[in-house]
Amino acid sequence: MNTDYLKKCAAKLLTEKQMSEAFLNNMFLALSGGLQDAYTYNVRDHVFSNAQTGNVVLMSQHIISGDMRSALRYLVPLVSFVLGVYISEEIHLHFKDARKLHWRQSILLLEVIILTLVGFLPEERNMLATVLVSFACAMQVQSFRKVNGYAFASTMCIGDLRSGVEALCIWRKTHEPQARDRMLRYFGIILLFAIGAGIGSRSAALLGGRAIWICCGFLLVSFALMFIREDLEENPVIEKDLTEIRQETREINHALKQELQEEHRELKESTEPRKK
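From a predicted model like this one, the values you see are computed outputs, not experimental measurements.

## Quick notes on the packing of helix H2 (residues 23–43) against helix H5 (residues 103–118)
- The contact between H2 and H5 brings their axes to 14 Å, and the two run at 30°. In terms of their interaxial angle, H2 and H5 are classed as roughly parallel. Relative to H5, H2 is oriented so that their crossing is left-handed. Residues Leu29, Ser32, Gln36 and Tyr39 of H2 touch H5, and the partners they reach there are Leu108, Glu111, Leu115 and Val118.
- Split into classes, the residues belonging to the contact of H2 with H5 amount to five nonpolar, two polar and one charged.

This is the structure in structure tokens:
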């Protein structure tokens, strides 16, 4: 294999220690997150699987109006989401040292199994379907919380949008490459989430309840990508190249930061009025 090509690919995809944080991996998780929300809203009685804030609002609305039966329809997914976060953390605590299969890959496999079963459920079981999707969503959002070292969520947009706009403001003021990189990654994740939602809406109209199986495909791609990290760790030559790439990246970032500070200082000195 061409060494230069390997280094270029590694620099782009594996600048972080874990593949679970690589942007490439989280692309498919964001697509999956958007599809899940569109699926439950369009196919399963207009209930959100990911955006629990919407469920809280709708549940409260029905409680105030005295419609407890409808309120229950939004309460159950909330409880399921809580259980999903709890189970995910338990799996993390018990299997964090597993060697053959990373604990996050176990989460993805469990999520694929759950969503596959959801695709077989008829409309009469919409409540159960929504509960299962909310459970799977919670496991995903709890297990994958960083992209290239930045905190993010693959199943909702509000936090990513806030962080992206914050990075935009910092970049416009300082022109730091790191702020620009962070901004692009957050907006990229939001765009992918929106694309996933669009795919979910369109596929729901064409495939009905089985549209959720497309989501399983995205998750399986993410599952497969996470094996790359294990293969690299077993190959000391490649691992050495990656270590060098990370070191070079840190040195370049440090040099760029110093250069920007120097230019900023020179610009400030040249614009200051000369003292008499």
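## Let's talk about unusual backbone geometry
- Even without a glycine there, the phi angle at Asp45 is positive, about 65°.
- Note on placement: Asp45 falls in the loop between H2 and helix H3 (52–64).

## Topic: the pattern of salt bridges
- All chains considered together, the criterion is met by three salt bridges.
- For Arg162, the salt bridge identified is with Glu166, shortest N-O distance 3.7 Å. Of this pair, Arg162 and Glu166 both sit in helix H7 (residues 158–174), four residues apart, roughly one helical turn.
- A relative accessible area of 36% means that Glu166 is categorised as partly exposed.
- Among the ionic pairs, Asp181 bridges to Arg185, the shortest N-O distance being 3.0 Å. Of this pair, Asp181 and Arg185 both sit in helix H8 (residues 177–207), four residues apart, which is roughly one turn of the helix.

## Looking at the nonpolar core
- Tyr39, Leu108, Leu115, Val118, Ile212 and Leu219 are the most contacted members of the largest nonpolar core, which has 39 residues in total.
- Breaking this core down by element, the ones donating at least two residues are H2, H5, helix H6 (126–143), H8 and helix H9 (212–225).
- Leave out the neighbours within four places in its chain, and Tyr39 touches Arg44, Val118, Gly208, Gly209, Ala211 and Ile212.

Reading the values: the criteria
Residues numbered from 1 in each chain as written. Predicted model: local features only at pLDDT ≥ 70, side-chain atom pairs only at ≥ 80, totals over all residues. Heavy atoms only, no water. Axes fitted to C-alpha atoms, helices over the stretch in contact; angles between N-to-C directions. Helix = DSSP H or I, 4+ residues; strand = E, 2+ residues; numbered from the N terminus. Parallel < 35°, antiparallel > 145°, perpendicular 65-115°, else oblique. Left-handed = near helix turned anticlockwise from the far one by under 90°. Contact = heavy atoms within 4.5 Å. Nonpolar A, V, L, I, M, F, W, Y, C, P; charged D, E, K, R; others polar. Salt bridge = Lys/Arg side-chain N within 4 Å of Asp/Glu carboxyl O. Buried < 20%, exposed > 50% of the residue type's maximum accessible area, 1.4 Å probe, protein only. Core = buried A, V, L, I, M, F, W, Y, C linked by side-chain atoms within 4.5 Å.

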